[in-house]
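Listed below are the residues making up each chain.
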Amino acid sequence: MKLTKDQVKHVAKLANLPLTAEEEKRYSEQLSKILDYVEQLNRVETSSAEPTFNVTGQSNVMREDETTPSLSQEEALSNAPQKKECMFETKGVFED
Amino acid sequence: MKQMYEPIIGLEVHVELNTKSKMFCRCSADYFGKEPNTYTCPVCLGLPGALPLINKAAIEDCIKIGLALNCKISEKSLFERKNYFYPDLPKGYQISQYRWPLCINGQITLDSGQVIRINRVHQEEDTGKLSHLGGVTLIDFNRSGVPLVEIVTEPDFHDVASVRDYAKKLQQLFRYLEVSNADMERGDMRLEANISVHPIAIASKASPWRLPDYRVELKNINSFRFIVAAIEYEIKRQIEALEKREKLTQETRGWNEDKKCTFLQRSKEEAHDYRYFPEPDLPELRIEESRVKSLESSLPELPWDKLKRFAEEYGISKNDAQILSETKELAEFFESALEHGKKHGVSIKEVANYIVNRKPDISSVLPTQIIEELKGKKVGIIESEKELEKLAEQAVKENANAVLDYKKGKEAALQVLIGGVMKLSLGKADIAKLKPILEKLLKS
Ligand SMILES: [Zn+2]
């Protein structure tokens, strides 16, 4: 299955990855190969198999509605590359 | 003949649950007005390796909402990752539900009798809160991971009055169920509408009805008034565009309250591709029949059932029943007063009228107190026509000038006489009943 350059661009955009033109070309080849490899799975007869999304076989793992102390403000912000007024700072995004 | 158009509207309501802790971690969910970034942990900050753990109370609240809306509760339910990049979303995805929502296929009946179909009621988590300051965006993650329930209708609304009624009913329901304070201004409850208009075929009824091939999404509106205004504006805008033979497209619009108009936020080309997939960190939910039954039996009497019962059982008007069942607290106050009233010969009607007309502050007045009042021992209202007539005659005697003025055609003079009666009765006269008595007396 051959991925077009536009498809690679779309996937890169969804993954928030900036790609150079050279990378777009390279990844379109690499991703196509990966898809071909995974395509092999389509040969397996699965019409009678239930899809599995979770391999633990568990269900209804829940907790009671109780609180425990959170991180301190300093701890919470300690990894932030930029902060301002005790908040995480990022480049402006459109709103309103 | 003028072409007529029919609006087609679907609604999505988000409601924040009032659980103690967040949806997938044990941070407090009571974030409103707190210092920024003081209610966070590795899970709700999306730090690598952190694992979510489902809050049982939130799941139960979601099912309760579904049951109250006559939904089918799914035997198997799964969380999924909704992937997109936005600074308010620390993990790069929101844990939500897509193909296996907790509740499906419900319905609710509006005051008009119209039935609105509920497509789904599902559980998800809220995002962080953004603020914009001089070109940069600041993030507070206290709200990140707070349990959020989304209720999606089929596109069954055709007018704004129904939208308003529906939203009000949901708000009332959330409060009855005590699953949320549903305060719109605080953002506990948020509304989104999908709107399109379609030309009604006048010539023939033969052409099959189908949904328009576009819809406009109105997002994140936090007041009943704004949603009504935004939908009204949108219907007008779309009809005008269709009249001009313009092609309408899929887009997301917001509401500008200052300019009183909707504005484009995102067009179709930028539409999101969320790539939902089952959340591998959360095992599936299996909701047993017995669990559903026990949750169902834990539901309080629902507002619309209470309204119906009040009207039928107590023989009061539908309007009064609506007022008296507005909140669970007022309904309880009313019924407690009724019970007390019964022992003291105070009728249902007297109690209902008192509460509807005088709107006692139920946080400071006891139901027994209003019965005492109604017994007339203290400051009871004078409703007896005989007594009112006597007072009216007295007032007419004492205000000869006002009587003359009234007979000359000065309607306002009636107020002077009403004031006279109020003075004589120490403010206890029932004005509504007094007025016709006075008028009759003056005309004789
Ligand atoms: Zn947390």
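Residues numbered from 1 in each chain as written. Chains lettered and ligands numbered in written order. Predicted model: local features only at pLDDT ≥ 70, side-chain atom pairs only at ≥ 80, totals over all residues. Heavy atoms only, no water.

(A) View of the overall build of chain B. Of the regular secondary structure elements, chain B holds 13 helices and 17 strands. Taken against the 2.2 N^0.38 rule, which gives 22 Å for 444 residues, the C-alpha radius of gyration of chain B at 28 Å runs more than 25% over that of a compact globule. Expressed as lengths along the three principal axes of its C-alpha atoms, the size of chain B is roughly 85 × 60 × 55 Å. The burial tally for chain B puts 50% of its 444 residues in the buried class. Relative to all contacts within chain B whose residues are 6 or more apart in sequence, the contacts with residues 24 or more apart total 69%. As presented, chain B carries roughly 22200 Å² of accessible surface, and 51% of it is formed by carbon and sulfur atoms. Measuring between centres, the 67 positive side-chain charges of chain B sit 3 Å from its 68 negative side-chain charges. (Helix = DSSP H or I, 4+ residues; strand = E, 2+ residues; numbered from the N terminus. Rg over C-alpha atoms; globule rule 2.2 N^0.38 Å. Buried < 20%, exposed > 50% of the residue type's maximum accessible area, 1.4 Å probe, protein only. Contact = heavy atoms within 4.5 Å. Areas by Shrake-Rupley, 256 points an atom, 1.4 Å probe, with all protein chains shown as cover. Lys, Arg positive; Asp, Glu negative; His and termini not counted. Charge placed at Lys NZ, Arg CZ, Asp CG, Glu CD.)

(B) Structural view of the pairing of strand β8 (residues 115–125) of chain B. All names here are of chain B. With eight of 11 residues buried, β8 lies mostly within the body of the structure. Judged from the six bridges that link them, strand β7 (residues 103–109) and β8 form a sheet pairing that is antiparallel. From the neighbouring strand, Cys103 faces β8, where its bridge partner is Val121. Connecting the antiparallel pair β7 and β8 is a turn made up of five residues, with Gly113 showing a positive phi of about 95°. (Pairing = 2+ DSSP bridges.)

(C) Expanded view of the side chain of Glu279 of chain B. Residue and element names in this part refer to chain B. Within the secondary structure, Glu279 is located in the loop between β16 (277–278) and β17 (285–286). Within the structure, the side chain of Glu279 is placed 2.9 Å from the side chain of Arg81, a separation counted as a polar contact. Excluding residues within four positions of it along the chain, Glu279 makes contact with Phe79, Glu80, Arg81, Tyr93 and Ile95. (Polar contact = N/O pair within 3.5 Å; in protein donor to acceptor, adjacent residues only side chain to side chain.)

(D) Region of interest: the pattern of salt bridges. Residues and elements named next belong to chain B. Applying the stated rule across the entire model yields 34 salt bridges over all chains. For Glu178, the salt bridge is made with Lys328, and the minimal N-O distance between the two is 2.7 Å. Pair noted here: Glu178 is in the loop between α2 (160–177) and β12 (189–200) and Lys328 is in helix α7 (residues 328–343), with a separation of 150 residues, a long-range link. On the accessibility criterion, Glu178 (51% relative accessible area) is exposed. By relative accessible area, Lys328 is classed as buried at 14%. (Salt bridge = Lys/Arg side-chain N within 4 Å of Asp/Glu carboxyl O.)

(E) Layout of helix α5 (residues 303–314) of chain B. All names here are of chain B. When the terminal C-alpha atoms of α5 are compared, their 16 Å separation across 12 residues agrees well with the 16 Å that a helix rising 1.5 Å per residue should span. Those residues of α5 lying buried are Pro303, Lys306, Leu307, Phe310 and Tyr314. The buried residues of α5 occupy an angular sector of 105° when the element is viewed end-on, so they sit on one face. The exposed set on the far side of α5, more than 90 degrees from its buried face, consists of Lys308 and Glu312. For α5, the secondary structure elements touched by its buried residues are α2, α6 (318–324), α7 and α8 (348–358). Positive backbone phi, at 60°, marks Gly315, one or two positions downstream of α5. (Expected span 1.5 Å × (residues − 1). Arc of directions from axis to C-beta.)

(F) Main features of the packing of aromatic side chains. All names here are of chain B. Applying the stated criterion across every chain, the model contains 11 aromatic pairs over all chains. When the ring of Phe310 is compared with that of Tyr314, the centres are 5.6 Å apart and the planes differ by 50°; the resulting orientation is tilted. Placement of the pair is Phe310 and Tyr314 together in helix α5, with a separation of four residues, close to one helical turn. Accessibility expressed as a relative area gives 0% for Phe310, which makes it buried. Given a relative accessible area of 16%, Tyr314 falls into the buried group. Note on Phe310 and Phe334: the rings are 5.2 Å apart at their centroids and 65° apart in plane angle, and the pair reads as edge-to-face. On the criterion of sequence distance, the pair formed by Phe310 in helix α5 and Phe334 in helix α7 is long-range, its members being 24 residues apart. You can call Phe334 buried: its relative accessible area is 0%. Across from the ring centre of Tyr274, 4.4 Å away, lies the NZ or CZ of Lys82, which sits over that ring. Arg186 extends its terminal NZ or CZ atom over the ring of Phe32, reaching a point 4.0 Å from the ring centre. (Phe/Tyr/Trp six-rings, centres within 6.5 Å; stacked < 30°, edge-to-face > 60°. Lys NZ or Arg CZ within 6 Å of the ring centre and 35° of its normal.)

(G) Region of the structure containing the layout of surface pockets. Residue and element names in this part refer to chain B. What the second largest pocket holds in volume is close to 580 Å³. By residue number, the principal contributor to the lining of the second largest pocket is α2, which donates eight residues. Looking at side-chain class alone, the lining of the second largest pocket contains six nonpolar, six polar and 11 charged residues. For the lining of the second largest pocket, the two domains that each supply at least three residues are domain 1 (5–297) and domain 2 (301–379). (1 Å grid on protein atoms, 1.4 Å probe; cavity = no way out; pocket = protein on both sides within 12 Å on 5 of 7 lines; lining within 4 Å. Points joined across faces, edges and corners; volume = space filled by probe spheres on them. Nonpolar A, V, L, I, M, F, W, Y, C, P; charged D, E, K, R; others polar. Domains from an automatic or database assignment.)

(H) The arrangement of the sheet that holds strand β5 (residues 80–83) of chain B in detail. Residue and element names in this part refer to chain B. The strand order across the open sheet formed by three strands is β6-β5-β16, and the pairing between neighbours is antiparallel. Every interior strand has two partners, whereas the edge strands, β6 (93–96) and β16, have only one. Pairing of β5 with β16 involves two bridges; the strand directions are antiparallel. Bridge pairing in β16 links Arg81 to Phe277.

(I) Molecular detail of the sheet that holds strand β10 (residues 136–140) of chain B. Read across the sheet, four strands follow the order β2(A)-β3(A)-β10(B)-β9(B) without closing on themselves; strand pairing throughout is antiparallel. For this open sheet the edge positions go to β2 (83–84) of chain A together with β9 (129–133) of chain B, each flanked by a neighbour on one side alone.

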